[in-house]
Amino acid sequence: MRILHTSDWHLGRSFHRVSMLDAQAAFLDHLVTTARDRDVDAVVVAGDVYDRAVPPLSAVELFDRALHRLADAGVPTVMISGNHDSARRLGVLAGLVERAGIHLRTDPAGCATPVLLKDAHGEVAFYGLPYLEPALVRGEFKVSKAGHETVLGAAMERVRADLAERGAGTRSVVLAHAFVAGGAPSDSERDITVGGVAAVPTGIFDGVDYVALGHLHGAQTLTERVRYAGSPLAYSFSETTHRKTMWLVELGPEGEIEAERIDCPVPRALARIRGTLDELLDDPGLARHGESWVEATLTDPVRPAEPMARLAERFPYTLSLVFDPERGDDDPLSSYAQRLAGRTDQQIAEDFVAHVRGGSGPDEPERGVLRAAFEDVRVDATVREVTP
């Protein structure tokens, strides 16, 4: 069976205030064309179809056209909701569109009810595990501890139990939206950390033939059978080095896996440049970035006059301007930035407690209070985002 694995469309998202709607439409054209030209048997979309719970009408129309074209092409499609989607909104017409071969899996309670597709070698069971927010699904999975590994593990136990009751030759594909250990994140993914832990082990998916992951925006192979498709477009300058692709996966009669990367259309190259303003304006080696979307980091010790306007004369598609003056090690601003670099909100809060106490940081119960406070805020934001 030939499966086209994609994820993280984020329809409706912009890139530094530049609309990506045309680029997203070009990607969806490419997806439908690829599905037809490569005789794809199933398209799987591993979450974050939209960029937010209430997407703009233009994004909904784009999604609607894509589904009609896939249905017209006779290509079965399996989709799950991600942490950016409103599961209830995305899945509202699931029963109706399923008749057209579009299978929306947005309800955690249905994670062990597969979409069954057939090829010449028998059935393939597609299990859709939508994004499982631990605080919201712990009751469904009857777990005492609300953590990503716990709830995803409980969901996979249901999947394996259902699979065990099917024919011995039934192959299996799982769609999941999660942060799996070994994956490399970028700046454009929303934090899903729970209790300081975001990643789950790859072993949690043992027992299935292929795992189509979504959430991380870089295409990655964690194991032969566990892969991220990544986002089809770059949504932050941290993705400058990404090669945006889809996975074309061949699932053999015995569950063998062969995978090929299919490149996605690139609307405009990305470039990160760094130096003083004069260096960036004069360096002949940077001429190749004249048509790129540019993030410029200025290292001038004093902020120059009208830097964006001057940069735009040479790099008309400059979208982001960062100031990072070069400072000596004894500069207090430099040491402060170094202390904050790469630290989590929890660590910064613990440092603040130590500062106001004159050196004594929080003890373990106090760390627990801080963790709980940050978790309550994160969950509240998630509930506000996805609840109709």
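See the structure printed just above.
Residues numbered from 1 in each chain as written. Predicted model: local features only at pLDDT ≥ 70, side-chain atom pairs only at ≥ 80, totals over all residues. Heavy atoms only, no water.

1. Points about empty space enclosed by the protein
Inclusion rule: Here a cavity means grid points, on a 1 Å grid over the protein atoms only, where a 1.4 Å probe fits yet cannot get out; a pocket means an open set of points with protein on both sides within 12 Å along at least five of seven lines; lining residues are those with an atom within 4 Å of a point. Grid points are joined across faces, edges and corners, and a volume is the space filled by probe spheres set on the points. The helix count covers DSSP runs of H or I at least four residues long, the strand count covers runs of E at least two residues long, and both are numbered beginning at the N terminus. Only Asp, Glu, Lys and Arg are considered charged, only Ala, Val, Leu, Ile, Met, Phe, Trp, Tyr, Cys and Pro nonpolar, and every remaining residue, Gly among them, polar.
All chains considered together, the criterion is met by one cavity of 30 Å³ or more. Volume-wise, the largest cavity comes out at about 90 Å³. Forming the boundary of the largest cavity are 13 residues, of which Leu132, His148, Leu152, His177 and Ala178 lie nearest the centre. Residue assignment for the lining of the largest cavity shows that the elements contributing at least two residues are α6 (148-164) and β9 (171-177). In terms of residue count, α6 provides more of the lining of the largest cavity than any other element does, three residues in total. When its residues are assigned to classes, the lining of the largest cavity shows 11 nonpolar, two polar and no charged.

2. Quick word on the nonpolar core
Rules: Nonpolar core, defined: a set of buried Ala, Val, Leu, Ile, Met, Phe, Trp, Tyr and Cys residues in which side-chain atoms within 4.5 Å join the residues together. Exposure classes here rest on a 1.4 Å probe applied to the protein chains alone. A residue is buried below 20% of its type maximum, exposed above 50%, and partly exposed in between. Contact criterion: two residues are considered in contact whenever any of their non-hydrogen atoms come within 4.5 Å of each other.
If you look at the biggest cluster of nonpolar residues, it comprises 33 residues, and the most contacted ones within it are Leu129, Phe141, Leu152, Val174, Val180, Phe205 and Leu213. For this core, the elements supplying multiple residues, two or more each, are β8 (122-129), α5 (134-141), α6, β9, β10 (210-214) and β12 (226-228). Every residue in contact with Leu129, bar those within four places of it in the chain, is listed here: Ile80, Cys111, Leu152, Ala155, Met156, Val159, Val174, Leu175, Ala176 and His177.

3. A short note on the packing of aromatic side chains
Rules: Two rings from Phe, Tyr or Trp (for Trp, the six-membered ring) form a pair when their centres sit within 6.5 Å of each other. Planes less than 30 degrees apart are called stacked, planes more than 60 degrees apart edge-to-face, and all others tilted. Placement of a charge over a ring requires the Lys NZ or Arg CZ to be within 6 Å of the ring centre, with the centre-to-atom vector within 35 degrees of the ring normal.
Applying the stated criterion across every chain yields a total of four aromatic pairs. Ring geometry for Trp9 against Phe27: centres 6.0 Å apart, planes inclined by 70 degrees, an arrangement best described as edge-to-face. In this pair, Trp9 is assigned in the loop between β1 (2-6) and β2 (14-15) and Phe27 in helix α1 (residues 21-37), connecting sequence segments 18 residues apart. Taken together, the ring pairs in this structure connect Phe15, Phe237 and Trp293 into an aromatic cluster. Across from the ring centre of Trp293, 5.9 Å away, lies the NZ or CZ of Arg268, which sits over that ring. In this arrangement the basic side chain of Arg303 is found over the ring face of Phe323, its NZ or CZ atom lying 3.7 Å from the centre.

4. Details of the pairing of strand β17 (residues 318-323)
Note the following rule: Whether two strands pair depends on DSSP finding at least two bridges between them. We call a crossover right-handed when, viewed with the strands running away from us, the connection from the first strand over the helix to the second turns clockwise.
Relative to β17, strand β16 (residues 293-298) is paired through five bridges, and the arrangement is parallel. Paired with Thr297 across the bridge in β17 is Val322. Taking the sense of rotation as the criterion, the β-α-β connection linking β16, helix α8 (residues 307-314) and β17 turns out right-handed.

5. Some thoughts on the sheet that holds β10
Short version of the rule: A fitted line through C-alpha atoms serves as each axis, taken over the contacting stretch for helices, and the angle formed by two N-to-C directions is quoted from 0 to 180°.
Across the sheet, six strands lie side by side as β7-β8-β9-β10-β12-β11; this open sheet has mixed pairing. Two strands bound the open sheet, and with one partner strand each, they are β7 (115-119) and β11 (220-223). This sheet shows a mean twist of 20 degrees between the axes of neighbouring strands, independent of strand direction. Where β8 lies against β9, six bridges are found, and the strand directions are parallel. Pairing of Leu129 across the sheet is with Ala176, part of β9.

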